[in-house]
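Chain residues, written in single-letter form:
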Amino acid sequence: PRFREGLFFFYFSALDQNSHAFWRAMDPGHPLHTAELAAAHGDYLPWLYSEMDRALGQALAACDDRTLLFALSDHGFGSFRRQFNLNTWLLENGYAALAPGADRAGEYFSDIRWGDSRAYGLGINSLYLNLRGREPEGCVAPADKEALLREISGRLLAAVDPATGERPIHRVCRPEEIYSGPETARAPDLIIGYAPNYRASWDTILGKYPREVFLDNRDPWSGDHCIDSAFMSGCLFSNRPFAQTDPALETLAPAIIRALA
């Protein structure tokens, strides 16, 4: 009630955090889904979304003809049923090598023979080549970079989960295809766009090389949005018509500045 003019921003964090934790309650295909869980909590996320609608209705009721209202989410949500061990896949396909007697569960690439490892996964969606002149023990000659990237991309796209018959990788992007600006060269060599229900494994994120390429996600963190953006579009609503037919996140700041001018 004390706010009169300027820019007011409010972030609802509960929707993201609870979707991560409670998705299994409403997804019968998730490994942790049970009838008991569905009965106890299966309606929780739909209720939470309805509460967001109620909050938006209250905000709209408070707007006058001078007020510009945006309601947005920067991503959607989906089920995280199956894990893909990217580093294990690289190892089994000859792009990485372990040191003699290495423990495949060693964290942070502790047991990798870098001189014989041409690629590695880092984080959730990033793949890097072990490039000579860039990495400390790089073994991939710059002249071989493009051919190797094409080869890895093609083989990743062809990978199939034997348990489901599905392809876990929907798209593999070069950084210049999706990024722009002076820092594009610092981006990963490949960005992995996972298919629905798949995500990089917890072990991939930590630089481990477990024995399985595919395994169930049996962590309560059962919902996620780290898959290909084609399936995870955010939403944007406004109480004014959009001048653009395809408004994007980076167009919001200029629109807000113009509204406040």
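Per chain, the residues get numbers from 1 upward, laid out in the order the sequence is written. The predicted nature of this model means local features are confined to residues of pLDDT at least 70 and side-chain atom pairs, given and counted, to a pLDDT of 80 or more, with totals for whole chains, interfaces and linings taken over all residues. By convention in this description, side-chain values take in all heavy atoms of the structure and omit both hydrogens and water.

**A closer look at the overall build of the protein chain**
Inclusion rule: Where helices and strands are cited, they refer to DSSP runs of H or I of at least four residues and of E of at least two residues respectively, numbered from the N terminus. Partly exposed residues are those whose accessible area sits between 20% and 50% of the maximum for their type, while under 20% is buried and over 50% is exposed, using a 1.4 Å probe and protein chains only. Throughout, a residue-residue contact means that at least one pair of heavy atoms, one from each residue, lies within 4.5 Å. In this description, accessible areas are obtained by the Shrake-Rupley approach with a 1.4 Å probe, and a residue is regarded as covered only by the protein chains that are shown.
Counting its secondary structure elements, the protein chain contains eight helices and ten strands. For the protein chain, the proportion of its 261 residues judged to be buried stands at 38%. Counting only contacts in the protein chain whose residues sit at least 6 apart along the sequence, the fraction spanning at least 24 positions is 65%. About 15100 Å² of surface is accessible on the protein chain, with carbon and sulfur atoms providing 55% of the total.

**Here's the deal with unusual backbone geometry**
If you check the backbone angles, Tyr 108 has positive phi at about 55° while not being a glycine. Tracing the sequence through the fold places Tyr 108 in the loop between helix 4 (86-92) and strand 3 (119-122).

**Points about the sheet that holds strand 3**
As a reminder of what qualifies: Strand pairing follows a simple DSSP-based rule, namely that at least 2 bridges must link the two strands. Here an axis means a line fitted to C-alpha atoms, over the contact stretch when the element is a helix, while the angle between two N-to-C directions is reported on a 0 to 180 degree scale.
On the basis of which strands lie adjacent, the open sheet formed by four strands has the order 3-4-6-5 and antiparallel pairing. Each having just a single partner strand, strand 3 and strand 5 (169-173) make up the two edges of the open sheet. The average undirected angle you get between the axes of adjacent strands in this sheet is 25°. Where strand 4 (residues 126-129) lies against strand 6 (residues 190-194), two bridges are found, and the strand directions are antiparallel. Bridge assignment links Leu 127 to a residue of strand 6, and that residue is Leu 190. Packed onto the sheet, helix 5 (residues 145-158) meets strand 3, strand 4, strand 5 and strand 6 and runs at close to 165° relative to strand 5.

**Quick notes on the packing of aromatic side chains**
Counted only if it meets this: Classification of ring pairs uses Phe, Tyr and Trp, with its six-membered ring standing for Trp, and accepts pairs whose centres are within 6.5 Å; under 30 degrees between planes counts as stacked, over 60 as edge-to-face, and the remaining range as tilted.
With the rule as written, the count across this model stands at 14 aromatic pairs. Where Phe 109 meets Trp 114, the ring centres are 5.6 Å apart and the plane angle is 50°; that geometry is what we call tilted. Among the residues examined, Phe 109 registers a relative accessible area of 13% and is labelled buried. For the ring pair Tyr 120 and Tyr 128, a centre distance of 5.7 Å and an interplane angle of 15° mean the geometry is stacked. For Tyr 128, a relative accessible area of 17% corresponds to the buried category. These aromatic residues form a ring-pair network of at least three members: Phe 109, Trp 114, Tyr 120, Tyr 128 and Tyr 209.

**Some thoughts on helix 5**
Keep this limit in mind: Multiplying 1.5 Å by the residue count of a helix minus one yields the expected span of that helix. The arc in question is the one spanned by the directions pointing from the helix axis to the C-beta atoms.
For helix 5, spanning 14 residues, the distance from its first C-alpha to its last is 20 Å, which sits close to the expected 20 Å at 1.5 Å a residue. Taken residue by residue, helix 5 has Leu 148, Leu 149, Ile 152, Ser 153 and Leu 156 as its buried positions. The buried side chains of helix 5 occupy one side of the element, clustering within an arc of 130° when seen end-on. Buried residues belonging to helix 5 abut strand 2 (78-84), helix 4, strand 3, strand 4, strand 5 and strand 6.

**Focus on the pattern of salt bridges**
Two side chains with opposite charge may pair up if their charged atoms get near one another. Here is the rule: Note on definitions: salt bridges are taken to be side-chain nitrogens of Lys or Arg within 4 Å of carboxyl oxygens of Asp or Glu.
Applying the stated rule across the entire model yields 16 salt bridges. In this structure, Glu 107 and Lys 208 form a salt bridge, with 3.6 Å as the shortest nitrogen-oxygen distance. In this pair, Glu 107 is assigned in the loop between helix 4 and strand 3 and Lys 208 in the loop between helix 7 (202-205) and strand 8 (214-216), connecting sequence segments 101 residues apart. We classify Lys 208 as buried; its relative accessible area is 16%. A salt bridge links Arg 155 to Glu 151, with the shortest nitrogen-to-oxygen separation between them at 4.0 Å. In this pair, Arg 155 and Glu 151 both sit in helix 5, four residues apart, roughly one turn of the helix. Since its relative accessible area comes to 35%, Arg 155 is described here as partly exposed. Residue classification places Glu 151 among the partly exposed positions, given a relative accessible area of 37%. One continuous salt-bridge network, built from bridges that share partners, spans Arg 134, Glu 135, Lys 145 and Asp 189.

**Topic: the nonpolar core**
The cut-off we apply is this: By convention a nonpolar core is built from buried Ala, Val, Leu, Ile, Met, Phe, Trp, Tyr and Cys residues, the set being connected through side-chain atoms within 4.5 Å.
One finds Phe 84, Trp 89, Leu 127, Ile 152, Leu 156 and Tyr 194 to be the most contacted residues of the largest nonpolar core, which totals 34 residues. Elements represented by at least two residues in this core include exactly helix 4, strand 3, strand 4, helix 5, strand 5, strand 6 and strand 7 (197-200). Beyond its immediate sequence surroundings of up to four residues, Leu 127 is in contact with Leu 86, Leu 90, Ala 119, Tyr 120, Gly 121, Ile 152, Leu 156, Pro 188, Asp 189, Leu 190 and Ile 192. Ranked by size, the runner-up nonpolar core spans six residues in total, among them Leu 15, Trp 23, Leu 45 and Phe 77.

**Considerations on the side chain of Arg 82**
In plain terms, the rule: In protein, a polar contact means a hydrogen-donor-capable atom and an acceptor-capable atom, both N or O and within 3.5 Å, with residues adjacent in sequence counting only if both atoms are side-chain atoms; elsewhere, any N or O pair within 3.5 Å suffices.
Positionally, Arg 82 belongs in strand 2. One polar contact links Arg 82 to Asp 161, side chain to side chain, over a distance of 2.9 Å. Within the structure, the side chain of Arg 82 is placed 2.9 Å from the side chain of Asp 216, a separation counted as a polar contact.

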